[in-house]
Amino acid sequence: MKSYVRAAVAFAVASAVLAFSGQSHATVFAAWQVAGVPFGDTLNARKYPSNTSQRQAAYPNGTVLQMTGRCTGGIDLLDIAGQPHWKLRQAIRYRWCEVWHDPAQNGHFVTSWVYGKYIKPH
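Residue positions within a chain follow its written sequence, with the count starting from 1. A pLDDT threshold of at least 70 governs which residues receive local features in this predicted model, and a stricter bar of 80 or more applies before side-chain atom pairs are shown or counted, although totals over entire chains, interfaces and linings include all residues. Calculation of side-chain values draws on the structure's entire complement of heavy atoms; hydrogens and water are dropped beforehand.

## Focus: the overall build of the chain
Put simply, the rule reads: A helix here means a DSSP run of H or I that spans at least four residues, while a strand means a run of E at least two residues long, and both kinds are numbered starting from the N terminus. Exposure categories follow from relative accessible area, calculated using a 1.4 Å probe and restricted to protein chains: below 20% of the type maximum is buried, above 50% is exposed, and the middle band is partly exposed. By the convention used here, residues are in contact when the closest approach between their heavy atoms is within 4.5 Å. A 1.4 Å probe and the Shrake-Rupley method give the accessible areas. Residues count as covered only by the protein chains that appear here.
Of the regular secondary structure elements, the chain holds two helices and seven strands. Its helices and strands taken in sequence order, the chain reads α-β-β-β-β-α-β-β-β from the N to the C terminus. In the chain, which comprises 122 residues, the share counted as buried stands at 27%. Taking the intrachain contacts of the chain between residues at least 6 apart in sequence as the baseline, contacts between residues at least 24 apart amount to 62%. Of the roughly 8,100 Å² of accessible surface on the chain, a fraction of 57% belongs to carbon and sulfur atoms.

Written out as structure tokens, the structure is:
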């Protein structure tokens, strides 16, 4: 009887671990940093992935951004995270990547897009 209880408990624990591990990818952010912006300029975070889209915020070099992982062209920063930094930068150099930020600094977080040429892994 005791072995049945142990087996049931082990199965319940394993099921819970698998259930939560499958969801972790959706709640993880990749930390990247603003880099390479010309002196005196800032990186614009835009509403849509386009230079002509509305500017939501602007960040100077060194600012750490919370990336959702999603970039144009089907690139997911979380999927390529284990590669060397130079390879990551090369992969997103001409892509727009989505950030999760609070442009009004009022606790209302939104998503916006930044140009990959000006960010690097943190």
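## Quick word on unusual backbone geometry
Although it is not a glycine, Gln105 adopts a positive phi angle of roughly 55°. On the secondary structure map, Gln105 appears in the loop between β5 (96-101) and β6 (110-115).

## Observations regarding the state of the cysteines
This is how the line gets drawn: Working definition: a disulfide is two cysteine sulfur atoms within 2.5 Å of each other.
Inspection of the entire model under this criterion finds one disulfide. For Cys71, the disulfide goes to Cys97, at an S-S distance of 2.1 Å. Because the sign of the S-S torsion sets the handedness, a value of about 105° for the bond joining Cys71 and Cys97 places this disulfide among the right-handed ones. Here the residue Cys71 occupies a position in strand β4 (residues 64-71), and Cys97 occupies one in strand β5, the gap between them amounting to 26 residues. When sorted by exposure, Cys71 lands in the same class as Cys97, which is buried.

## Quick word on a nonpolar patch on the surface
Condition: Every patch collects residues that have over 30% relative accessible area and no salt bridge, joining them within 9 Å if they carry like charges and within 5 Å if they are nonpolar side chains (Val, Leu, Ile, Met, Phe, Trp, Tyr). By salt bridge we mean one thing: a side-chain nitrogen of Lys or Arg within 4 Å of a carboxyl oxygen of Asp or Glu.
Together, Phe29, Trp100 and Phe109 give the surface a local cluster of nonpolar side chains, amounting to about 260 Å² of exposed area. Since its relative accessible area comes to 37%, Phe109 is described here as partly exposed.

## Digging into the nonpolar core
Grouped burial of nonpolar side chains is what soluble globular proteins tend to show. Which entries qualify depends on this criterion: What makes a nonpolar core is a set of buried Ala, Val, Leu, Ile, Met, Phe, Trp, Tyr and Cys residues whose side-chain atoms join them at distances within 4.5 Å.
Within the largest apolar cluster, 20 residues are counted, with the highest numbers of intra-cluster contacts made by Trp32, Leu65, Met67, Leu77, Ile92, Val114 and Ile119. The set of elements that each furnish at least two residues to this core consists of β1 (30-34), β2 (43-46), β3 (55-59), β4, α2 (85-92) and β5.

## Looking at the side chain of Ser112
So the rule is basically this: Each polar contact in these results corresponds to two N or O atoms within 3.5 Å; when the atoms are within protein, one needs to be able to donate a hydrogen and the other to accept it, and residues that are neighboring in sequence are counted only if both atoms are side-chain atoms.
Within the secondary structure, Ser112 sits in strand β6. Within the local environment of Ser112, its side chain forms a polar contact with the side chain of His101, the two groups lying 2.7 Å apart. Setting aside anything within four residues of it in sequence, one finds Ser112 in contact with Ala45, Arg46, Gln56, Cys97, Glu98, Val99 and His101.

## Observations regarding the pattern of salt bridges
Tallying each qualifying case throughout the model produces one salt bridge. Put simply, Arg70 and Glu98 hold a salt bridge, and the shortest N to O gap is 3.1 Å. Placement of the pair is Arg70 in strand β4 and Glu98 in strand β5, with a sequence separation of 28 residues.

## Overview of the side chain of Arg46
What counts here: Counting rule applied: Lys, Arg positive; Asp, Glu negative; His and chain ends not counted.
With respect to the helices and strands, Arg46 occurs in strand β2. Although buried, Arg46 forms no salt bridge, and the nearest oppositely charged side chain, Asp41, lies 8.9 Å from it. A distance of 2.6 Å separates a polar atom in the side chain of Arg46 from the backbone oxygen of Ser53. Filtering out sequence-adjacent residues up to four positions away, Arg46 remains in contact with Asn51, Ser53, Gln54, Arg55, Gln56, Trp96, Ser112 and Trp113.

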